[in-house]
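# Examining the three-dimensional arrangement
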Amino acid sequence: MLSAVPLRPVAVRALLVGLFVAGYVTAWRPARDWLSGHVVAPLLRQVDTPRAQQYTVDGAPDRAVAIRTDGRAGPVATFMTPAGALFVMGGALLLLLAPGRLYWLYLGLYQLLLGAGMLGALAVGLGWADGGFVVYDFLRGTVYPGTSLAAPLVAYALHARRDDAPTEPRPR
């Protein structure tokens, strides 16, 4: 026979995830769009080198910033402010697994710091060397999704390990 699952912890976790998703949709997503169009695009336009003259930085749809060159049909690179869908998935998972911890906030801060690194790589690619675009593509395509999806599981594993650790020192 199945034992009864206490309803209160399940309801609290469901409420936290609901509030988290609602906060993302109503507050953070518009803020992300604004950051891309009104902060990131102007910052990239400030790169003023002879190499940068061949590129245009387009932040017209506020969600994504596109770097284009006249000789290519598509953009050389596109940038969206991090802490998007991967943040929602990871943050919701962390709220379900460890609702009393701020791991979801740490995940968001990590993604924003990684986004600053990606922005720096784009600036290098725009103004000085193609290697900046290569580093950006690696960070955006491999590091960002891989670590964003693995970080919640690692944080939870560390949290579970710490909870399982003995509280009294072992005798020698």
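See above for the structure.
A quick note: this is a predicted structure, and the numbers were derived from the prediction, not measured.

What counts, and at which threshold
Residues numbered from 1 in each chain as written. Predicted model: local features only at pLDDT ≥ 70, side-chain atom pairs only at ≥ 80, totals over all residues. Heavy atoms only, no water. 1 Å grid on protein atoms, 1.4 Å probe; cavity = no way out; pocket = protein on both sides within 12 Å on 5 of 7 lines; lining within 4 Å. Points joined across faces, edges and corners; volume = space filled by probe spheres on them. Helix = DSSP H or I, 4+ residues; strand = E, 2+ residues; numbered from the N terminus. Salt bridge = Lys/Arg side-chain N within 4 Å of Asp/Glu carboxyl O. Expected span 1.5 Å × (residues − 1). Bend = angle between axes of the 7 residues up to and from the residue. Buried < 20%, exposed > 50% of the residue type's maximum accessible area, 1.4 Å probe, protein only. Contact = heavy atoms within 4.5 Å. Phe/Tyr/Trp six-rings, centres within 6.5 Å; stacked < 30°, edge-to-face > 60°. Core = buried A, V, L, I, M, F, W, Y, C linked by side-chain atoms within 4.5 Å. Axes fitted to C-alpha atoms, helices over the stretch in contact; angles between N-to-C directions. Parallel < 35°, antiparallel > 145°, perpendicular 65-115°, else oblique. Left-handed = near helix turned anticlockwise from the far one by under 90°. Nonpolar A, V, L, I, M, F, W, Y, C, P; charged D, E, K, R; others polar.

Estimated volume of the largest pocket: approximately 220 Å³. If you list the elements that add at least two residues to the lining of the largest pocket, you get strand 3 (77-79), helix 2 (85-97) and helix 4 (131-164). The greatest single-element share of the lining of the largest pocket, amounting to three residues, is contributed by helix 4.

Oppositely charged side chains may form a pair once their charged atoms are brought near each other. Overall, the coordinates contain two salt bridges when judged by the stated rule. When the shortest N-O distance is used, the salt bridge between Asp 130 and Arg 51 registers 2.4 Å. Here the residue Asp 130 occupies a position in the loop between helix 3 (103-127) and helix 4, and Arg 51 occupies one in the loop between helix 1 (7-45) and strand 1 (55-58), the gap between them amounting to 79 residues. Notably, a salt bridge pairs Asp 137 with Arg 140, separated by 3.9 Å at the nearest N-O pair. In this pair, Asp 137 and Arg 140 both sit in helix 4, three residues apart, roughly one turn of the helix.

Our focus in this paragraph is helix 1. Relative to the 57 Å expected for 39 residues at 1.5 Å per residue, helix 1 spans 53 Å between its end C-alpha atoms, a close match to the ideal helical length. The sharpest bend along helix 1 comes to roughly 40°, located at Tyr 24. Among the residues of helix 1, those classed as buried are Val 17, Phe 20, Tyr 24, Arg 32, Asp 33, Ser 36, Gly 37, Val 40, Ala 41 and Leu 44. If you follow the buried residues of helix 1, they end up packed against strand 1, strand 2 (65-69), strand 3, helix 2 and helix 3.

For the rest of this paragraph, the subject is the packing of aromatic side chains. All told, the structure shown has five aromatic pairs when counted by the stated rule. Put simply, the rings of Phe 20, Phe 87 and Trp 104 pair up and form one aromatic cluster.

Counting 24 residues, the largest nonpolar core has Leu 44, Ile 67, Phe 79, Leu 122 and Leu 126 as its most contacted members. For this core, the secondary-structure elements that each account for two or more residues are helix 1, strand 1, strand 2, strand 3, helix 3 and helix 4. In terms of residue count, helix 3 provides more of this core than any other element does, seven residues in total. Not counting chain neighbours up to four residues away, the residues in contact with Leu 122 comprise Leu 44, Ile 67, Ala 77, Phe 79, Gly 132, Phe 133 and Tyr 136. Counting residues in each nonpolar core, the second largest holds eleven residues, with Phe 20, Phe 87, Leu 95 and Ala 155 among its members.

We now examine the environment of Leu 107. Inspection of the secondary structure puts Leu 107 in helix 3. The exposure class of Leu 107 is buried, given its relative accessible area of 4%. Spatially, the C-alpha atoms of Leu 107 and Arg 32 are 16 Å apart, while their sequence positions differ by 75 residues.

For any two helices packed against each other, one specifies the crossing angle of their axes together with the interaxial distance. Closest axis-to-axis distance for the helix 1/helix 2 pair is 9 Å, and the angle between their directions is 160°. In terms of axis orientation, helix 1 runs roughly antiparallel to helix 2. Of the two elements, helix 1 crosses helix 2, and the hand of that crossing is right-handed. From helix 1, Arg 13, Leu 16, Val 17, Phe 20, Val 21 and Tyr 24 reach across to helix 2, where they touch Ala 85, Phe 87, Val 88, Gly 91, Ala 92, Leu 95, Leu 96 and Leu 97. Residues belonging to the contact of helix 1 with helix 2 are distributed by class as follows: twelve nonpolar, one polar and one charged.

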